[in-house]
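A structural walkthrough
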Amino acid sequence: MSATAVVHCMLTALFTAAAVYALRQAVLTRGCGWRGRGDSLLHTVMASAMAVMPWYGIGEGPSPGRTTFFFAAAALWFPLTAVLSLRGPRWNGLTRRSPHAVGMAAMAWMPVRHDGVTDAQTGDVITGVLTLCLLAYALRSLTRDMPALRVAPGSAGFSTDLDGPYDHFWHGSTAMGTAIMLLMHH
């Protein structure tokens, strides 16, 4: 098995697990409301698409136009729902939700980049900015709650808090995987 195939298998496993986790959050988490369920369902779709993406050749798979439109709309979902939210200061909501918007924007960008719609230099700049944002979010998300991942004796070992350590782990992991996918030429 080639090194590229091994990386593809690892990314597929990561994104499949993330899709299952996001779907579980959408279905089983109580009290998260319509916005939380929408967030989780969008993450489920994104992770599912990312799980199969390494195996497509350029020009194969779903329609690039539809994919770009869907994920561009998903990227707008996060800041718009923060602005329209009645909970807490809007600036804080925008700050917390912007990494998710960047991840969806990266998903919208991937088909555009592969179709060669932009010139190479502009494409490299956009890819670089998205990758740096995703890597910064991954680093922050994966390191912020390390001590909190320890489970107290007798507890179920799974957080239902939408901003809990397990969510940080999954969001950070998918951000890292998305950054890798942005840099890969598959």
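Refer to the structure above for everything that follows.
The sections below set out a description of the structure shown in this document. No experiment lies behind these values; they were computed from the predicted model shown.

Moving on to the overall build of the protein. Each helix and strand in the protein was counted, giving six helices and zero strands. Order of helices (α) and strands (β) in the protein, N terminus to C terminus: α-α-α-α-α-α. The burial tally for the protein puts 42% of its 186 residues in the buried class. Restricting the contact set of the protein to residue pairs at least 6 apart, pairs at least 24 apart contribute 77%. Total accessible area on the protein stands at roughly 10400 Å², and carbon and sulfur atoms take up 69% of it.

Turning our eyes to something else, we now look at the nonpolar core. Counting 33 residues, the largest nonpolar core has F15, M50, M104, M107, M110, M181 and L182 as its most contacted members. Sorting the residues of this core by element identifies helix 1 (3-28), helix 2 (33-52), helix 3 (64-84), helix 4 (90-114), helix 5 (120-143) and helix 6 (165-183) as the ones contributing at least two each. Looking at this core element by element, the count peaks at eight residues for helix 4. The contact partners of M50, leaving out residues within four places of it in the chain, are F15, M107, M110, G177, T178 and M181.

What follows concerns the pattern of salt bridges. For the structure shown, the criterion picks out one salt bridge. Ionic pairing is found between D39 and R97, a salt bridge with its closest N-O pair at 2.8 Å. Of this pair, D39 sits in helix 2 while R97 sits in helix 4, and the two are 58 residues apart along the sequence. The buried category is assigned to R97, whose relative accessible area is 7%.

The next subject is the packing of helix 4 against helix 5. Taken N-terminus to C-terminus, the directions of helix 4 and helix 5 make an angle of 150 degrees; their axes are 10 Å apart at the nearest point. Accordingly, the angle class assigned to the pair helix 4 and helix 5 is roughly antiparallel. Helix 4 and helix 5 meet at a crossing whose hand is left-handed. Note on element contacts: helix 5 touches helix 4 through G123, I126, T127, L130, C133, L134 and Y137, opposite P99, H100, V102, G103, A105, A106, W109 and R113. Tallied by class, residues from the contact of helix 4 with helix 5 come to 10 nonpolar, four polar and one charged.

The next subject is the side chain of T44. Here T44 shows up in helix 2. Aside from chain neighbours lying at most four places away, what touches T44 is A19, A22 and L23.

Right, let's get into the packing of aromatic side chains. Tallied over the full model, the rule gives four aromatic pairs. With a centroid separation of 5.0 Å and an interplanar angle of 75 degrees, the aromatic rings of F169 and W170 are classed as edge-to-face. By way of ring pairs, the aromatic residues Y21, F169 and W170 are connected into one cluster.

There is a patch of nonpolar side chains on the surface, built from L23, V27, L28 and L41 and spanning about 370 Å² of accessible area. Position of L41 among the secondary structure elements: in helix 2. Judged by its relative accessible area of 44%, L41 falls in the partly exposed class.

On the secondary structure map, T174 appears in helix 6. For T174, a relative accessible area of 14% gives the class buried. Put simply, T174 and A47 are 127 residues apart on the chain and 7.6 Å apart in space, counted from C-alpha to C-alpha.

About the criteria used
Residues numbered from 1 in each chain as written. Predicted model: local features only at pLDDT ≥ 70, side-chain atom pairs only at ≥ 80, totals over all residues. Heavy atoms only, no water. Helix = DSSP H or I, 4+ residues; strand = E, 2+ residues; numbered from the N terminus. Buried < 20%, exposed > 50% of the residue type's maximum accessible area, 1.4 Å probe, protein only. Contact = heavy atoms within 4.5 Å. Areas by Shrake-Rupley, 256 points an atom, 1.4 Å probe, with all protein chains shown as cover. Core = buried A, V, L, I, M, F, W, Y, C linked by side-chain atoms within 4.5 Å. Salt bridge = Lys/Arg side-chain N within 4 Å of Asp/Glu carboxyl O. Axes fitted to C-alpha atoms, helices over the stretch in contact; angles between N-to-C directions. Parallel < 35°, antiparallel > 145°, perpendicular 65-115°, else oblique. Left-handed = near helix turned anticlockwise from the far one by under 90°. Nonpolar A, V, L, I, M, F, W, Y, C, P; charged D, E, K, R; others polar. Phe/Tyr/Trp six-rings, centres within 6.5 Å; stacked < 30°, edge-to-face > 60°. Patch = residues over 30% accessible without salt bridge, like charges linked within 9 Å, V, L, I, M, F, W, Y side chains within 5 Å.

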